Amino acid sequence: MTSTPNPSEIKAVYQAHAPHLEMIFQKAMQDISVQAQKDLSENIDLSKTKFLVDVGGGNGSNIIALAKKFPHLKAAVFDSPSVCKIAEANIAKHGLSERLSTIPGNCLTDEFPAQADCLLFCHFFTIWSKEQDQLILKKAFRSLPSGGRAMIFNMMQNNNEDGPLSAAMGSPYFLTIATGTGMLYTWNEYKDMFKAAGFSNIESGELPVDHGVIWGIKA
(Lines give C-alpha, C1' and ligand atoms only; values in the text may rest on other atoms or scores of the structure.)
Protein backbone atom coordinates (compact mmCIF):
# COMPACT_ATOMS: atom_id res chain seq x y z
CA MET A 1 0.00 0.00 0.00
CA THR A 2 1.49 3.34 -1.03
CA SER A 3 1.26 6.43 1.12
CA THR A 4 -0.53 9.57 -0.06
CA PRO A 5 1.90 12.39 -1.01
CA ASN A 6 1.67 15.43 1.21
CA PRO A 7 0.92 18.88 -0.28
CA SER A 8 4.56 19.99 -0.27
CA GLU A 9 5.65 16.92 -2.24
CA ILE A 10 2.85 17.42 -4.76
CA LYS A 11 3.70 21.08 -5.34
CA ALA A 12 7.45 20.41 -5.48
CA VAL A 13 6.91 17.76 -8.16
CA TYR A 14 4.47 20.03 -10.01
CA GLN A 15 6.97 22.88 -10.11
CA ALA A 16 9.76 20.58 -11.30
CA HIS A 17 7.58 19.43 -14.22
CA ALA A 18 6.40 22.94 -15.09
CA PRO A 19 9.55 24.87 -16.06
CA HIS A 20 7.77 28.21 -16.44
CA LEU A 21 6.43 27.96 -12.86
CA GLU A 22 9.80 26.83 -11.55
CA MET A 23 11.52 29.82 -13.17
CA ILE A 24 8.97 32.21 -11.66
CA PHE A 25 9.48 30.65 -8.22
CA GLN A 26 13.29 30.76 -8.50
CA LYS A 27 13.20 34.39 -9.70
CA ALA A 28 11.02 35.37 -6.74
CA MET A 29 13.33 33.59 -4.29
CA GLN A 30 16.35 35.26 -5.91
CA ASP A 31 14.80 38.72 -5.49
CA ILE A 32 14.14 38.01 -1.82
CA SER A 33 17.67 36.67 -1.33
CA VAL A 34 19.39 39.60 -3.03
CA GLN A 35 17.86 41.98 -0.49
CA ALA A 36 19.32 40.00 2.39
CA GLN A 37 22.57 38.46 1.10
CA LYS A 38 24.66 41.51 1.95
CA ASP A 39 23.44 41.43 5.56
CA LEU A 40 24.08 37.70 5.79
CA SER A 41 27.64 37.87 4.48
CA GLU A 42 28.46 40.80 6.76
CA ASN A 43 27.02 39.28 9.93
CA ILE A 44 28.22 35.68 9.94
CA ASP A 45 31.78 34.47 10.37
CA LEU A 46 32.77 31.73 7.92
CA SER A 47 36.51 32.24 8.32
CA LYS A 48 36.90 28.71 9.75
CA THR A 49 34.36 27.01 7.50
CA LYS A 50 35.92 24.74 4.89
CA PHE A 51 32.94 23.48 2.91
CA LEU A 52 29.47 25.00 3.13
CA VAL A 53 26.39 23.42 1.58
CA ASP A 54 23.42 25.69 0.89
CA VAL A 55 20.39 23.37 1.20
CA GLY A 56 17.70 24.45 -1.25
CA GLY A 57 20.20 27.00 -2.53
CA GLY A 58 18.37 27.78 -5.75
CA ASN A 59 20.39 29.54 -8.44
CA GLY A 60 23.53 29.75 -6.29
CA SER A 61 23.32 33.46 -5.54
CA ASN A 62 23.79 32.85 -1.80
CA ILE A 63 27.04 30.91 -2.10
CA ILE A 64 28.29 33.30 -4.79
CA ALA A 65 27.90 36.23 -2.38
CA LEU A 66 29.54 34.29 0.44
CA ALA A 67 32.42 33.10 -1.75
CA LYS A 68 33.18 36.70 -2.74
CA LYS A 69 33.27 37.71 0.93
CA PHE A 70 35.34 34.70 2.05
CA PRO A 71 37.97 33.92 -0.61
CA HIS A 72 38.99 30.60 0.99
CA LEU A 73 35.44 29.21 1.09
CA LYS A 74 34.31 26.22 -0.95
CA ALA A 75 30.58 25.69 -1.19
CA ALA A 76 27.83 23.86 -3.05
CA VAL A 77 24.12 24.14 -3.73
CA PHE A 78 22.07 21.10 -2.68
CA ASP A 79 18.85 21.19 -4.70
CA SER A 80 16.83 19.36 -7.36
CA PRO A 81 18.69 18.41 -10.58
CA SER A 82 16.88 21.03 -12.68
CA VAL A 83 17.68 23.80 -10.18
CA CYS A 84 21.31 22.67 -9.97
CA LYS A 85 21.66 23.25 -13.72
CA ILE A 86 20.50 26.84 -13.20
CA ALA A 87 22.99 27.27 -10.34
CA GLU A 88 25.87 25.81 -12.36
CA ALA A 89 25.30 28.36 -15.14
CA ASN A 90 25.14 31.22 -12.64
CA ILE A 91 28.30 30.06 -10.85
CA ALA A 92 30.16 29.82 -14.17
CA LYS A 93 29.00 33.30 -15.15
CA HIS A 94 30.68 34.66 -12.01
CA GLY A 95 33.89 32.72 -12.67
CA LEU A 96 33.64 30.70 -9.45
CA SER A 97 33.39 27.14 -10.77
CA GLU A 98 36.70 26.17 -9.16
CA ARG A 99 35.33 26.79 -5.66
CA LEU A 100 31.59 26.41 -6.06
CA SER A 101 29.57 23.43 -7.26
CA THR A 102 26.19 21.73 -7.06
CA ILE A 103 24.97 18.48 -5.52
CA PRO A 104 21.61 17.21 -6.85
CA GLY A 105 19.32 15.77 -4.21
CA ASN A 106 15.99 15.85 -2.42
CA CYS A 107 16.11 17.76 0.86
CA LEU A 108 13.29 15.69 2.37
CA THR A 109 14.40 12.19 1.39
CA ASP A 110 18.17 12.26 0.76
CA GLU A 111 20.94 12.53 3.32
CA PHE A 112 22.94 15.76 3.27
CA PRO A 113 26.53 15.70 1.93
CA ALA A 114 28.84 14.30 4.59
CA GLN A 115 31.78 16.47 3.51
CA ALA A 116 30.08 19.69 4.66
CA ASP A 117 31.14 21.31 7.92
CA CYS A 118 28.40 23.96 7.61
CA LEU A 119 24.85 23.53 6.35
CA LEU A 120 23.03 26.75 5.44
CA PHE A 121 19.24 26.94 5.23
CA CYS A 122 18.49 30.30 3.64
CA HIS A 123 14.81 31.28 3.28
CA PHE A 124 14.17 27.56 3.59
CA PHE A 125 12.58 26.61 6.90
CA THR A 126 9.62 28.92 6.28
CA ILE A 127 8.64 26.62 3.40
CA TRP A 128 7.97 23.51 5.49
CA SER A 129 5.89 22.48 8.48
CA LYS A 130 7.43 22.49 11.93
CA GLU A 131 7.51 18.68 11.89
CA GLN A 132 9.35 18.63 8.56
CA ASP A 133 11.80 21.28 9.76
CA GLN A 134 12.54 19.21 12.85
CA LEU A 135 13.29 16.14 10.74
CA ILE A 136 15.52 18.21 8.45
CA LEU A 137 17.52 19.56 11.41
CA LYS A 138 17.93 16.05 12.85
CA LYS A 139 19.23 14.89 9.48
CA ALA A 140 21.60 17.87 9.43
CA PHE A 141 22.90 16.88 12.85
CA ARG A 142 23.56 13.32 11.62
CA SER A 143 25.51 14.45 8.58
CA LEU A 144 27.71 17.08 10.24
CA PRO A 145 31.09 16.28 11.83
CA SER A 146 31.90 17.20 15.41
CA GLY A 147 32.20 20.98 15.50
CA GLY A 148 30.03 21.32 12.40
CA ARG A 149 27.39 24.01 12.24
CA ALA A 150 23.83 24.28 10.95
CA MET A 151 22.56 27.77 10.20
CA ILE A 152 19.06 29.10 9.55
CA PHE A 153 18.64 32.47 7.86
CA ASN A 154 15.23 33.94 7.05
CA MET A 155 12.51 36.31 8.21
CA MET A 156 11.53 35.75 11.83
CA GLN A 157 8.35 36.06 13.85
CA ASN A 158 8.47 37.71 17.29
CA ASN A 159 8.38 35.30 20.21
CA ASN A 160 5.13 36.79 21.49
CA GLU A 161 3.65 36.43 17.97
CA ASP A 162 2.68 40.11 17.70
CA GLY A 163 4.69 40.83 14.55
CA PRO A 164 6.42 41.89 12.46
CA LEU A 165 4.00 42.63 9.64
CA SER A 166 6.07 40.46 7.29
CA ALA A 167 5.11 37.43 9.38
CA ALA A 168 1.42 38.14 8.88
CA MET A 169 1.97 38.67 5.16
CA GLY A 170 4.43 35.84 4.55
CA SER A 171 2.78 33.00 6.44
CA PRO A 172 -0.39 32.88 4.25
CA TYR A 173 1.81 32.61 1.15
CA PHE A 174 3.62 29.53 2.42
CA LEU A 175 0.41 28.02 3.79
CA THR A 176 -1.42 28.36 0.47
CA ILE A 177 0.69 28.99 -2.63
CA ALA A 178 4.21 27.69 -1.91
CA THR A 179 3.81 24.32 -0.16
CA GLY A 180 0.64 24.34 1.92
CA THR A 181 2.55 23.65 5.14
CA GLY A 182 5.03 26.42 5.97
CA MET A 183 4.95 29.73 7.83
CA LEU A 184 7.24 32.20 9.57
CA TYR A 185 8.24 30.72 12.92
CA THR A 186 9.41 32.45 16.10
CA TRP A 187 12.98 32.66 17.34
CA ASN A 188 12.17 30.35 20.24
CA GLU A 189 10.55 27.78 17.98
CA TYR A 190 13.75 27.56 15.96
CA LYS A 191 15.91 27.35 19.08
CA ASP A 192 13.73 24.52 20.39
CA MET A 193 14.17 22.70 17.07
CA PHE A 194 17.95 22.99 17.37
CA LYS A 195 17.91 21.64 20.92
CA ALA A 196 15.64 18.75 19.99
CA ALA A 197 17.95 17.83 17.11
CA GLY A 198 20.94 17.63 19.47
CA PHE A 199 22.74 20.90 18.73
CA SER A 200 24.45 22.95 21.44
CA ASN A 201 25.96 26.45 21.63
CA ILE A 202 22.87 27.86 19.95
CA GLU A 203 23.26 31.54 19.07
CA SER A 204 21.22 34.06 17.12
CA GLY A 205 21.39 37.56 15.73
CA GLU A 206 18.82 40.03 14.45
CA LEU A 207 19.36 41.49 10.99
CA PRO A 208 17.63 44.28 9.03
CA VAL A 209 14.32 43.87 7.18
CA ASP A 210 12.83 41.50 9.78
CA HIS A 211 15.52 38.88 9.12
CA GLY A 212 17.61 36.91 11.53
CA VAL A 213 20.17 34.13 11.72
CA ILE A 214 20.25 31.22 14.19
CA TRP A 215 22.92 28.55 14.35
CA GLY A 216 23.85 25.54 16.43
CA ILE A 217 27.04 23.52 16.81
CA LYS A 218 27.33 19.72 16.87
CA ALA A 219 29.47 18.95 19.90
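Use the structure listed above.
Residues numbered from 1 in each chain as written. Predicted model: local features only at pLDDT ≥ 70, side-chain atom pairs only at ≥ 80, totals over all residues. Heavy atoms only, no water.

### So, the sheet that holds strand β7 (residues 211-217)
Pairing in this open sheet of 7 strands is mixed, and the strands run β3-β2-β1-β4-β5-β7-β6 from one edge to the other. The open sheet is flanked by β3 (100-104) and β6 (200-207), the only strands paired with a single partner. On average, each strand axis in the sheet is inclined to that of its neighbour by 20°, with strand direction left out of account. The pairing of β6 with β7 spans 6 bridges and is antiparallel. Residue glutamate 203 lies in a different strand from β7, and its bridge partner there is tryptophan 215. Sheet strands in contact with helix α5 (residues 130-143) are β4 (118-122) and β5 (149-155), and its direction is about 160° off that of β4. (Pairing = 2+ DSSP bridges. Helix = DSSP H or I, 4+ residues; strand = E, 2+ residues; numbered from the N terminus. Axes fitted to C-alpha atoms, helices over the stretch in contact; angles between N-to-C directions. Contact = heavy atoms within 4.5 Å.)

### What to know about the packing of α5 against helix α7 (residues 187-197)
At a minimum axis separation of 9 Å, α5 and α7 run at an interaxial angle of 45°. Put simply, α5 runs oblique to α7. Once α5 is placed against α7, the crossing between them reads as right-handed. Residues Lys130, Asp133, Gln134, Leu137, Lys138 and Phe141 of α5 form the contact with α7, whose own contacting residues are Glu189, Asp192, Met193, Phe194, Ala196 and Ala197. Residues belonging to the contact of α5 with α7 are distributed by class as follows: 6 nonpolar, 1 polar and 5 charged. (Parallel < 35°, antiparallel > 145°, perpendicular 65-115°, else oblique. Left-handed = near helix turned anticlockwise from the far one by under 90°. Nonpolar A, V, L, I, M, F, W, Y, C, P; charged D, E, K, R; others polar.)

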